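# Fold and geometry: a report
Here is what each chain is made of, one letter per residue.
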Amino acid sequence: MGRCAWLLIALTRQAWAGVWSSSPAPCHDDESCKARLDTITSKLDELRDEMRGKHLTLQALEEIRGGILSGRRVELPSAQRQHLEKGSPLISEVTFDARHRPVSTNVSRHFQSQRVIAPNLDVRHHAFLTLKRSTPGAAKTSVPALLVIVDAESKLSIYSLDNEPLLDKFDLGHGAGRSIVQLEMSPTQENHFIVTVDDDGNIRVHNIKIVAKKQKAEGGKDKDEAEEEPKAKGKDPKEARTLNVTASLASSFTLSPGALEEARKLTVVLPIERGSQTFFVAGDSLGGLSVFFRNGTMRGRVRVTEDPGGVKGLVRGQGQQQVLFYSSHAFGFFSPSQVDLQYAPCTGWNSPLVDLAMEPGYSTGRVLLALQDGDVLVYATTRGKSKACDLALKFPHVSVLPFKLHSFRGHVMALPTPPDDMEKKDEYVREIFFFNVAAMENGYGSSPSRAITLQASFKPKQPENLALLGQPTAGAGAQGGGGDKAKSQIAIRFKDMRGVEVFDLTLRTPPPPKAAQAEGGGSSNGWDFSSIMSWFPKIGVFGIALIGVIFWNIKKVTGGGGGGGGATDLPTDDFDEELFKEKLRERRAKPGSTTGVVPVKIEVSGSRLTSALQSTMSCKCYAALVPAGPLVPHTIERRAVGPDDVAIDIKYAGICHSDVHQAREEWGSAIFPMVPGHEIGGFVTAVGPNVTSFKVGDKVGVGCMVDSCRECQSCKEGDENYCATGAVMTYNGKYKYKHCLEYTEDGGKPTYGGYAQSIVVDKNYVCRIPDNLDLAGATPLLCAGITVYSPMAYNGLKAGQKLGVAGLGGLGAMAVMIGKAWGCEVTVLSRSEGKRDEAMKELKADKFVVMSNDSDVEAAASSLDMIIDTIAAKHDIPTYLSFLRQNGKFVMVGVPAEPLDFHAFSIIPKRKTITGSLIGGIRETQEMLDFCGKHNIICPHELISGDKISESYDRVVKSDVKYRFVIDTSTF
Ligand SMILES: [Zn+2]
Ligand SMILES: [Zn+2]
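All of these numbers come straight from a predicted model, not from anything done at the bench. (Residues numbered from 1 in each chain as written. Chains lettered and ligands numbered in written order. Predicted model: local features only at pLDDT ≥ 70, side-chain atom pairs only at ≥ 80, totals over all residues. Heavy atoms only, no water.)

## A word on the coordination of the zinc ion (ligand 2)
Where we set the bar: Counted as donors are N, O and S atoms no farther than 2.8 Å from the metal, or 3.2 Å for Na, K and Ca; water is not among the atoms, and sites may therefore look incomplete. When four donors show all angles between 85 and 135 degrees the site is tetrahedral, when four or six donors have opposite pairs over 155 degrees and all other angles between 65 and 115 it is square planar or octahedral respectively, and in every other case it is irregular. Secondary structure elements are taken from DSSP: a helix is a run of H or I of four residues or more, a strand is a run of E of two residues or more, and numbering for both begins at the N terminus. Each residue gets one of three labels from its accessible area relative to the maximum for its type: buried under 20%, exposed over 50%, partly exposed in between, using a 1.4 Å probe on protein chains only.
Coordination of the zinc ion (ligand 2) by the protein is provided by Cys709 (SG), Cys712 (SG), Cys715 (SG) and Cys723 (SG), with metal-donor distances spanning 2.2 to 2.4 Å. In this structure, the zinc ion (ligand 2) is coordinated by 4 donor atoms arranged in tetrahedral fashion, with angles at the metal of 100 to 121°. Each donor residue of the zinc ion (ligand 2) belongs to the same chain, and together they define the spacing C-x2-C-x2-C-x7-C. Placement of the pair is Cys712 in the loop between β34 (705-707) and α14 (713-716) and Cys723 in the loop between α14 and β35 (728-729), with a sequence separation of 11 residues. With respect to class, Cys712 is no different from Cys723; both count as buried.

This is the structure we're talking about:
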């Protein structure tokens, strides 16, 4: 309020100044005084009008502010929006379409309403039933399809597209009180059938028979024809036919209930055709996929996911990749004939998945994922001939609601759909977005993105569900590239309205990215590409350079100041082409980069791109605010992404025992607030212009160090961990080297670790995590893994040698697994018999020695080539040394509080070595990760949420964890 009042006063003063200055002379007589008064009153009228305008502006601002605070989308008339944007670039950040302004919002141009079908029915589900085209040519004009409707009473009705009822309220037999939750159509036009699923998990399959009859009017008897053909209304009376549609139950079945305590609930069913056989694939709440024959007998069941909620959806694939399933955090290909997964499922996103669709058109093998937070991601599932799980594109974040996705002619149709349990869901305006995949693939410039071809609002009607008829994918039609001509129809059910409204949908297929580049000039195909032609080829190829340029541009204009609150004067739309070219030249001139720069196809929506690069980012984390204090939610700032930096979206962070020591200030004075965590796993979200080794979307990790002097012998040899002047630790350290962007005169800013949602790290201290490794399980490798790997590598451990591992915590477990993969015989030296089973069975150790058992100890004497000692408490060193053979090496990686106590004769007679090792260098860490990738090693772990960190610290101290706690940062 204070600000508003101030603004009013300021405006008033200005206005009064205007009034006085325009007529400075005082009046003397009646006439001049009257004239003077008139001037004043007319000026006041003007002022009043102006104030009214300002008042409207203030109101609009207040509304936007309210919308932001409540997470609600506020719609402003475009004139008002432009007016606001002119005054404040801030507004363009919050009204998303400043950058992702739809190319068109002209609904009537693209949607021609035909009619409302079944206007009396309370429709719950609807779908098109495509008919066989028996007579070529005739089918061109009328779309050969019927509309199938299931109403609130669970009755089936089938209508022609002329709104002629062909089957009226057929009882599907689900029984009274049951409601139908899913309607699926037969995959081909050979045999028509429909599948319905009710809320009790019953699946019923009905055959639909459609027979065309010649009308009696023609004079003869009814004559059944073999195949259907919809009535071509008024076209040729001789050819007039009528359709006879009947439904009959084919089969009915349900899932077996499963074991007693686990209630297996059906979540989704998909009919598929393989050769002449029909199968039904059913997903359930326990993550299982079952395959049924057409008669309802089960062929088999396999569990494909352990995600909560189980299988959430099924999508029909193509060819060998017959069925795509998805759960909240994974999707994968399922073979119904083998009743098994074909490859490891793809994972790697944070917010739960709510819908999935195959990509339309020109490039196959990609799937679109709609996440609960409104994001849409595109994953490539193939790379060349091999399988992949690569993040390829990210859609503009235009909705706070999750999308339901449909593929349509080079576009993705997305309908924001509130989750069932959402409060006030009716307040959201639901519009259909058409995302142009080609435009996105080409990249975004500083001009509006063109990623949204059409944003269709049907206000005040709210679309609730839709069905599409026509070629869903460009080029898949018989006419090849001419698929544009095929007519499409869309049937939309609107909220609180009866029936289904059918529209003709005209939308051209955008040219694929390559064709667009080759074509060059603008095309007159309805969408004007000429303005983006000059842009996109460059941007598509030089994505990385562009990111850098935008960053530098902003820095340049704002005088190099990264931080500060001066967001209002950032000229994000002023693109300095000279600078862009200069940066490109620089990049091309660089030795070793023959192609100039690495092409990037990742999209970061405009506002995110700049916010990620232009300034510091605030980031949620868990921190100890005082020594030994609890770990509590906190917010820190991450630096702006510098030219050599990699910004990482942290997904997981491991809890290392040393986190506990430091947060409790047990290792000497520490820096607070402290954000611990040096086992970090996540995905790259932005890179600086000098970074070529990483790109957005890469799966990466950060370990114990984020910087070092880079000049000493150790650093030059890749042993940054032994840097002569000390490496900069990932947390509880300071950016003390001048080359770092966070260096300050007084010793550098403090470092904050991985219990956070993001981090910005110099590229030389980032490692790549192999694709096949589970990210959560791979994060502990960054400290626990390298700590035991490094001494094995440095001390020349060979395959076939005998390795001892003392202590079976996180480090010990990693040492056993890595030692086994190394080809060694591994003996666990433990103080408790209780760990025998887990050591031998779970970790696959070869031998187990209980230190308190004299015969065990005797039997193991002089048998080992190397011992990795991970014990952090006081223990009897001479006994452990007695296990070593001649030339044996005893490597200490655990740190007992007390000094060691042993006699020289325990090492002299057999030339034994006692040595130590501290984590490992960056190059070695990468080597270790690759080794673990090759041998499929991850750390067994317990995933915890942020609020459990303090509790888990106590359990770490008690060694009550197998073998690592890993924090899921999405819970912050
Ligand atoms: Zn550690
Ligand atoms: Zn150094």
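Moving on from the model shown.
## A closer look at the coordination of the zinc ion (ligand 1)
Binding of the zinc ion (ligand 1) to the protein goes through Cys656 (SG), His678 (NE2) and Cys783 (SG), at separations of 2.0 to 2.1 Å. Here the donor residues of the zinc ion (ligand 1) share one chain and are spaced in sequence as C-x21-H-x104-C. Highlighted residues: Cys656 in the loop between β31 (645-655) and α13 (657-663) and Cys783 in the loop between α15 (775-778) and α16 (784-794), separated in sequence by 127 residues.

## Observations regarding the nonpolar core
Definition in use: Nonpolar cores are built from buried Ala, Val, Leu, Ile, Met, Phe, Trp, Tyr and Cys residues. Side-chain atoms within 4.5 Å join them into one set. Segment limits for the domains were obtained from an automatic or database-derived domain assignment. A contact between two residues is defined here by any heavy atoms of the two lying within 4.5 Å.
Ranked by size, the top nonpolar core spans 77 residues in total, and within it Met792, Leu803 and Ile818 carry the most contacts. There are two domains that each give this core at least three residues, and those are domain 2 (616-772) and domain 3 (784-918). Discounting residues that sit within four places of it in the chain, Met792 has contacts with Leu797, Leu803, Ala815, Ile818, Gly819, Trp822, Met866 and Ile868. One finds Ala623, Leu631, Ala663 and Met674 within the second-largest nonpolar core, a separate group that totals 27 residues.

## Remarks on the packing of α16 against helix α17 (residues 810-822)
Basically, it comes down to this: Structural elements are reduced to axes, namely lines fitted to C-alpha atoms, with helices fitted over the stretch in contact, and the angle between N-to-C directions of any two is expressed from 0 to 180 degrees. Relative orientations are named as follows: roughly parallel for angles under 35 degrees, roughly antiparallel for angles over 145 degrees, roughly perpendicular for angles from 65 to 115 degrees, and oblique for any other angle. Take the far helix as your reference; a near helix turned counterclockwise from it by less than a right angle gives a left-handed crossing, and one turned clockwise gives a right-handed crossing.
Two elements in contact, α16 and α17, have axes whose closest approach is 8 Å; the angle formed by their N-to-C orientations is 45°. The angle between α16 and α17 places the two elements in the oblique class. Note on packing geometry: the crossing formed by α16 with α17 is right-handed. Within the contact between the two elements, α16 uses Ala784, Gly785, Thr787, Val788, Tyr789, Met792 and Ala793 and α17 uses Gly810, Leu811, Met814, Ala815, Ile818, Gly819 and Trp822.

## Regarding the side chain of Thr417
Here is the rule we go by: For the purposes of these results, a polar contact is taken to be a pair of N or O atoms within 3.5 Å, where, inside protein, one atom must be able to donate a hydrogen and its partner to accept one; residues adjacent in sequence count only when each atom of the pair is a side-chain atom.
You can see Thr417 is positioned in the loop between β23 (411-416) and β24 (432-436). In terms of polar contacts, Thr417 uses its side chain to reach the backbone carbonyl oxygen of Leu415, at 2.9 Å. With near-sequence residues (within four places) excluded, Thr417 lies in contact with Leu401, Pro402, Lys404 and Arg430.

## Quick look at the state of the cysteines
Worth spelling out the cut-off: Note on disulfides: each one is a pair of cysteine sulfur atoms within 2.5 Å.
Tallied over the full model, the rule gives 1 disulfide. Disulfide pairing places Cys346 opposite Cys389 at an S-S distance of 1.9 Å. Classification of the bridge connecting Cys346 and Cys389 rests on its S-S torsion, roughly 70°, and on that basis the disulfide is right-handed. Linking Cys346 in the loop between β17 (340-341) and β18 (353-358) with Cys389 in strand β21 (residues 386-394), this pair joins segments that are 43 residues apart in sequence.

## Thoughts on the packing of aromatic side chains
Here is the rule we go by: Pairing of aromatic rings covers Phe, Tyr and the six-membered ring of Trp, with a centre-to-centre limit of 6.5 Å; geometry is then stacked below 30 degrees between planes, edge-to-face above 60, and tilted otherwise. Lysine NZ or arginine CZ positioned within 6 Å of the ring centre and within 35 degrees of the ring normal marks a charge as sitting over the ring.
Under the definition given, this model contains 19 aromatic pairs. Here Phe331 and Tyr379 contribute two aromatic rings whose centre-to-centre distance is 6.2 Å and whose plane-to-plane angle is 75°, an arrangement assigned as edge-to-face. Of this pair, Phe331 sits in strand β16 (residues 331-335) while Tyr379 sits in strand β20 (residues 376-383), placing them 48 residues apart in sequence. An identical accessibility class is assigned to Phe331 and Tyr379; each is buried. Where Trp822 meets Phe931, the ring centres are 5.6 Å apart and the plane angle is 45°; that geometry is what we call tilted. Taken as a pair, Trp822 in helix α17 and Phe931 in helix α21 (residues 922-934) lie far apart in primary sequence, 109 residues in all. Judged by relative accessible area, Trp822 falls into the buried class, the value being 16%. In this structure Phe931 comes out as buried when scored by relative accessible area, which is 15%. The cationic tip of Lys461 hangs over the ring face of Phe494; the distance from NZ or CZ to the ring centre is 4.7 Å. One cation-aromatic arrangement involves Arg639 over Tyr735; the distance from NZ or CZ to the ring centre is 5.4 Å.

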